[in-house]
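Chain and residue survey
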Amino acid sequence: MSTLYEITHQYRRLTDLDDSDFAVALDQLSDSADSKIINIAYLILEWTGEESTYKTERQRLQGHERALGNRINSLKEYLKAQMMLLEKKQVTGSTIKVALQPSPPALKVDDTLLSPLYKVATLEMPLTLVPTELEQYVKAVSPNSQAIRSLLEQQGIVSGASLERGQHIVIR
């Protein structure tokens, strides 16, 4: 019989394996079926907590990134306003140079005043209803999942599609 430390080591080493070795290592665990299931469930709970920690940390860092980006933009706007106020086109330091340069033209559109000749429409319709002269404008075709699911639920058969029902494990 294994000691608690050995069981912990057996299951903890799964963390360091890549996907191809992972399944083999699971099969090689020498516990009883019940013990294996319980220990794997503990491992899942531990990894779920770790995953949650990573998500929380990522969100925290993204918040810092956004705040820093906002500060950078604020400082740039401040410098621009000060240089324009002082009518300075360029300021040079010992290792840095700050200059005002013209930006490339940016397009701004007021949809209420724009002619329909300059607007592009995206339509959602079954591919069979698209006239052949318009097929060249079709950029992407994807299955209509909602319609297929509805037909399968009502009629039970749609060629090339099926509803699969499986099972999953819930750990509380």
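In the block above lies the structure referred to throughout.
Conventions and cut-offs
- Residues numbered from 1 in each chain as written.
- Predicted model: local features only at pLDDT ≥ 70, side-chain atom pairs only at ≥ 80, totals over all residues.
- Heavy atoms only, no water.
- Helix = DSSP H or I, 4+ residues; strand = E, 2+ residues; numbered from the N terminus.
- Buried < 20%, exposed > 50% of the residue type's maximum accessible area, 1.4 Å probe, protein only.
- Contact = heavy atoms within 4.5 Å.
- Areas by Shrake-Rupley, 256 points an atom, 1.4 Å probe, with all protein chains shown as cover.
- 1 Å grid on protein atoms, 1.4 Å probe; cavity = no way out; pocket = protein on both sides within 12 Å on 5 of 7 lines; lining within 4 Å.
- Points joined across faces, edges and corners; volume = space filled by probe spheres on them.
- Nonpolar A, V, L, I, M, F, W, Y, C, P; charged D, E, K, R; others polar.
- Salt bridge = Lys/Arg side-chain N within 4 Å of Asp/Glu carboxyl O.
- Expected span 1.5 Å × (residues − 1).
- Patch = residues over 30% accessible without salt bridge, like charges linked within 9 Å, V, L, I, M, F, W, Y side chains within 5 Å.

**What about the overall build of the chain?**
A count of helices and strands for the chain gives 4 helices and 2 strands. Reading the chain from its N terminus to its C terminus gives the helix and strand order α-α-α-β-β-α. A burial count over the chain gives 8% of its 172 residues as buried. Within the chain, contacts between residues at least 6 apart in sequence are counted, and of these 23% link residues at least 24 apart. Of the roughly 16,200 Å² that the chain leaves accessible, carbon and sulfur atoms contribute 56%.

**A short note on unusual backbone geometry**
Here the phi dihedral of glutamate 87 falls at roughly 55°; this positive angle occurs in a residue that is not glycine. Topologically, glutamate 87 is positioned in the loop between helix H3 (33-85) and strand S1 (90-92). Residue classification places glutamate 87 among the exposed residues on the basis of a relative accessible area of 71%.

**A word on the layout of surface pockets**
If you add up the space inside the second largest pocket, you get close to 410 Å³. Considering the residues around the second largest pocket, the lining is formed by 14 residues, among which Lys76, Lys80, Ala99, Leu100 and Gln101 are closest to the centre. Secondary structure elements with two or more residues in the lining of the second largest pocket: H3 and strand S2 (97-99). Broken down by element, the lining of the second largest pocket gets its largest block of residues, 6 residues, from H3. Residues that form the lining of the second largest pocket fall into these classes: 6 nonpolar, 2 polar and 6 charged.

**Side note on the pattern of salt bridges**
Taken as a whole and assessed by the stated rule, the structure comprises 2 salt bridges. The closest approach of N and O atoms between arginine 60 and glutamate 57, which form a salt bridge, is 2.5 Å. In this pair, arginine 60 and glutamate 57 are both assigned in helix H3, 3 residues apart and thus about one turn of the helix distant. Exposure remark for arginine 60: the relative accessible area of 40% places this residue in the partly exposed category. Taking the relative accessible area as the measure of exposure, glutamate 57 reaches 33% and is therefore partly exposed.

**Overview of H3**
Here H3 is 53 residues long and its end C-alpha atoms lie 77 Å apart, about the 78 Å a rise of 1.5 Å per residue gives. Restricting attention to buried positions, one finds in H3 the residues Asn39, Leu43 and Met83. Just beyond H3, the residue with positive phi is glutamate 87, at close to 55°.

**So, a nonpolar patch on the surface**
There is a patch of nonpolar side chains on the surface, built from Ile38, Tyr42 and Leu45 and spanning about 310 Å² of accessible area. In this structure, tyrosine 42 sits in helix H3. By relative accessible area, tyrosine 42 is classed as exposed at 53%.

**Focus: the environment of lysine 80**
Tracing the chain through its elements places lysine 80 in helix H3. Look at lysine 80 and you get partly exposed, because its relative accessible area is 37%. Considered as a pair, lysine 80 and alanine 99 are 19 residues apart in the sequence and their alpha carbons are 8.9 Å apart.

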